[in-house]
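# Commentary on secondary and tertiary structure
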Amino acid sequence: MRRAPGRDLVAGLTVAVVALPLALAFGVASGVGAQAGLVTAVVAGALAAVFGGSNLQVSGPTGAMTVVLVPVVQRHGTDGVLMVGLLAGLLLVLVAVLRLGRAAKYLPLPVVEGFTAGIAVVIALQQVPAALGAAGEGEKVWQVAAHAGVRFLEHPDADAPVMALGVAVLLLVGARRRPGVPFSLLAVAAATLLAEALPGLDVARIGELPSGLPAPSLAFLDPSMLVALLPSALAVAALAGLESLLCASVADGMTTGQRHDPDRELFGQGLANLATPLFGGVPATAAIARTAVNVRAGASSRLAALTHAVVLAGIVFSAAGLVARIPLPALAGVLLATCVRMVQVATLTALARSTRADAAVLAVTFVVTVAVDLVTAVVIGIALAGVLALRQVTHSARLEPLPLPAAEHVENADKPADDAEKAEPAAPTEHVAVFRLDGPLFFPAAHRLLTRLSEVDGVQVVVLRMSRVTAIDATGAAVLGEAITELEHRGVTVLLSGVKPDHEHVLTALGIAERSRRDHPVLPDTRAAIAHARSLVRPDGDYLPR
């Protein structure tokens, strides 16, 4: 923090200017209120800056979190949100202690992009009532937006939608032309001045805010709600951890020489979410937009994020009266612009065009996020991605019959050029067949592959090349044993060649390798296996019993 304090202080002030309208907007959007958004930005922003695993991240309330919190407010009130935040903090600390932070990098990209786009749509739908100046009702966010639209059409008033649309357009156009200018704050300030100058303007305001931070309290704790709130707490913890780790990776990519510690980052976010509910704040996570502003403003240490929290605290203590006059449609416009910037159209298009599996996972995750909820979407998206990946791996496994090389080519059978496959087929009097297993031999593929092996006819010796088997599980080994047994009952000898050491223990555990060694040796390579197979067949084609 002593390396470049002046630059960090300027960066922190810049981030605070950008974060103020976002904190207010996300607090209102979560259903708890603007003050909760400010409290979260101050408390979580300071604690995550000190204890987190990234030097550049800025934490606070985010739009993605509101998607989970709005249903909690509707069912359990503000106390339910505070309990969810506390439980989520405990879960994040536990995950950090177990050192599971690195597991987040294995989340499929289509799932991440699918729920990110879905979250953007849900946040936009949440802003429809405020943007139209009409209340909405319903269980799901799309129902609330539709009801607000109907109410607006019954009693149309252009004041709120024009203000929301104007703020959103100013942010989007301004950010494209002058990325370094805090257009969100300028747009909200302009909308507030306009509302003050035109008393007849019919728009709702944030309302009166207390000056300063409330005293810490645990009055919201209610053990009877623990079981009911645990699923929401799991969702908040998963979202906070995932978004924070993704944000930290983005921050690392924007700089040189910066690398975050994923487990420490989760620990810092856990502490932040443990403390924030005590002051009436909502659950927090790292924010990509504010972190990007921090990096572009020249931040080099945690001092910048800490400064951002201190500046916001000063606003809470000294300017609560001014904040209370901000029109709600202006904040809705800020969030609508944020939603547009959340959606990476180029990435979505590339994923949709890459493979059918990726497109399916992307689409399903997106639809379920909007229609149901975020947790269900992530679970279904990961499950679908896993099934499709398993299907793809299964289809990559092959059992290929190979032509038997002439005697002079046997010594080259295991070379990379695969002369054994290029050689002329041997005369059918040899009564020897060679098969090669490629890819994984495990439960989804084993029956499909080895059924073909057991159907081999017209030969007396089968050589099964195992050197290209990439993985084998108990099911694959057991099915292999069944195929060998069936062939032996028909008088066909099966020789295994090229079994890898790490696969041999599976075959040994199921007794397959031991049985093969008892009848015939497990040959180290194809050359030895073919030579041994030929030794079992007489020139006239009669089989020599062992």
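Residues numbered from 1 in each chain as written. Predicted model: local features only at pLDDT ≥ 70, side-chain atom pairs only at ≥ 80, totals over all residues. Heavy atoms only, no water.

## Some points on a nonpolar patch on the surface
Among the surface-exposed residues, Val50, Phe51 and Phe267 lie close enough to one another that they form a single nonpolar patch of about 230 Å² accessible area. Inspection of the secondary structure puts Phe267 in helix H10 (residues 262–275). Taking relative accessible area as the criterion, Phe267 reaches 32% and is therefore assigned partly exposed. (Patch = residues over 30% accessible without salt bridge, like charges linked within 9 Å, V, L, I, M, F, W, Y side chains within 5 Å. Areas by Shrake-Rupley, 256 points an atom, 1.4 Å probe, with all protein chains shown as cover. Salt bridge = Lys/Arg side-chain N within 4 Å of Asp/Glu carboxyl O. Helix = DSSP H or I, 4+ residues; strand = E, 2+ residues; numbered from the N terminus. Buried < 20%, exposed > 50% of the residue type's maximum accessible area, 1.4 Å probe, protein only.)

## Some thoughts on the environment of Leu193
Considering the arrangement of structural elements, one finds Leu193 in helix H8 (residues 183–197). The exposure class of Leu193 is exposed, given its relative accessible area of 61%. When the C-alpha atoms of Leu193 and Ile326 are compared, they prove to be 8.8 Å apart, with 133 residues separating the residues in sequence.

## Brief notes about the side chain of Asp438
Position of Asp438 among the secondary structure elements: in strand S4 (residues 432–441). On the basis of relative accessible area, Asp438 is assigned to the buried category, the value being 6%. A polar side-chain atom of Asp438 sits 3.1 Å from a polar atom in the side chain of Arg436. Setting aside residues no more than four positions away along its own chain, Asp438 makes contact with Ser396, Ala397, Arg398, Glu400 and Arg468. (Polar contact = N/O pair within 3.5 Å; in protein donor to acceptor, adjacent residues only side chain to side chain. Contact = heavy atoms within 4.5 Å.)

## Some thoughts on the side chain of Ser301
Checked against the element boundaries, Ser301 lands in the loop between helix H11 (288–296) and helix H12 (302–318). Beyond its immediate chain neighbours, meaning those up to four positions away, Ser301 contacts Met1, Asp8, Asn55 and Leu56.

## With respect to empty space enclosed by the protein
Here the structure, examined in full by the defined rule, presents 1 cavity of 30 Å³ or more. Roughly 40 Å³ of volume is contained in the largest cavity. Looking at the largest cavity, the residues that line it are Gln35, Leu38, Leu209, Pro210, Ile315, Val316, Ala319, Ala320 and Val323. Within the residue set of the lining of the largest cavity, elements represented by two or more residues are helix H2 (34–51), H12 and helix H13 (320–324). (1 Å grid on protein atoms, 1.4 Å probe; cavity = no way out; pocket = protein on both sides within 12 Å on 5 of 7 lines; lining within 4 Å. Points joined across faces, edges and corners; volume = space filled by probe spheres on them.)

## Concerning the nonpolar core
Counting residues in each nonpolar core, the largest one holds 86 residues, and the members touching the most others are Leu24, Phe115, Ile119, Ile206, Leu312 and Leu331. Considering every element that reaches this core, the biggest residue donor is helix H3 (residues 63–97), with 16 residues. One finds Ala397, Ala446, Val499 and Val506 within the second-largest nonpolar core, a separate group that totals 30 residues. (Core = buried A, V, L, I, M, F, W, Y, C linked by side-chain atoms within 4.5 Å.)

## Notes on the packing of helix H1 (residues 5–30) against H12
Where H1 contacts H12, the two axes come as close as 7 Å, and the packing angle between them is 50°. The orientation of H1 relative to H12 falls into the category oblique. Where H1 crosses over H12, the handedness of that crossing is right-handed. Together, Pro5, Asp8, Leu9, Ala11, Gly12, Leu13, Val15, Ala16, Ala19 and Leu20 of H1 and Leu303, Ala304, Thr307, His308, Val311, Leu312 and Ile315 of H12 make up the contact between the two elements. A breakdown of the residues in the contact of H1 with H12 according to their chemical character gives 13 nonpolar, 3 polar and 1 charged. (Axes fitted to C-alpha atoms, helices over the stretch in contact; angles between N-to-C directions. Parallel < 35°, antiparallel > 145°, perpendicular 65-115°, else oblique. Left-handed = near helix turned anticlockwise from the far one by under 90°. Nonpolar A, V, L, I, M, F, W, Y, C, P; charged D, E, K, R; others polar.)

## What to know about the packing of helix H9 (residues 226–253) against H10
Helix packing for two helices is described by the angle between their axes and how far apart those axes are. Running from amino to carboxyl end, H9 crosses H10 at an angle of 130°, the nearest separation of the two axes being 10 Å. Considered as vectors, H9 and H10 are oriented oblique to each other. Viewed along their axes, H9 and H10 form a crossing whose handedness is right-handed. Within the contact between the two elements, H9 uses Gly241, Ser244 and Leu245 and H10 uses Pro262, Glu265, Leu266 and Gln269. A breakdown of the residues in the contact of H9 with H10 according to their chemical character gives 3 nonpolar, 3 polar and 1 charged.

## A few points about the pairing of strand S5 (residues 461–465)
In terms of burial, S5 is largely enclosed, as 5 of its 5 residues are buried. The alternating pattern of S5 places Val461, Val463 and Arg465 and Val462 and Leu464 on opposite faces, both of which are buried. Two elements, S4 and S5, share 5 bridges in a ladder whose sense is parallel. Paired with Arg436 across the two strands is Arg465, which belongs to S5. With respect to chirality, the unit in which S4 leads through helix H19 (residues 443–454) into the neighbouring parallel S5 is right-handed. (Pairing = 2+ DSSP bridges. Right-handed = clockwise from strand over helix to strand, strands pointing away.)

## Considering helix H16 (residues 356–371)
Taking 1.5 Å per residue as the helical rise, H16 with its 16 residues ought to reach 22 Å, and the 22 Å between its terminal C-alpha atoms agrees with that figure. Inspection of H16 places Val361, Leu362, Thr365, Val368, Thr369 and Val370 among the buried residues, and these make up the whole buried set. At its buried positions, H16 is contacted by helix H4 (109–126), helix H6 (141–154), helix H15 (345–354) and helix H17 (374–396). (Expected span 1.5 Å × (residues − 1).)

## Structural notes on the pattern of salt bridges
Counted according to the given criterion, the structure contains 8 salt bridges. One salt bridge in this structure joins Arg205 and Glu196, with 2.7 Å as the shortest N-O distance. Look at Arg205 and you get partly exposed, because its relative accessible area is 22%. Where Arg398 meets Asp438, a salt bridge forms, and the shortest distance between an N and an O atom there is 3.2 Å. Placement of Arg398 in strand S3 (residues 398–402) and of Asp438 in strand S4 is noted, with a sequence separation of 40 residues between them. On the accessibility criterion, Arg398 (39% relative accessible area) is partly exposed.

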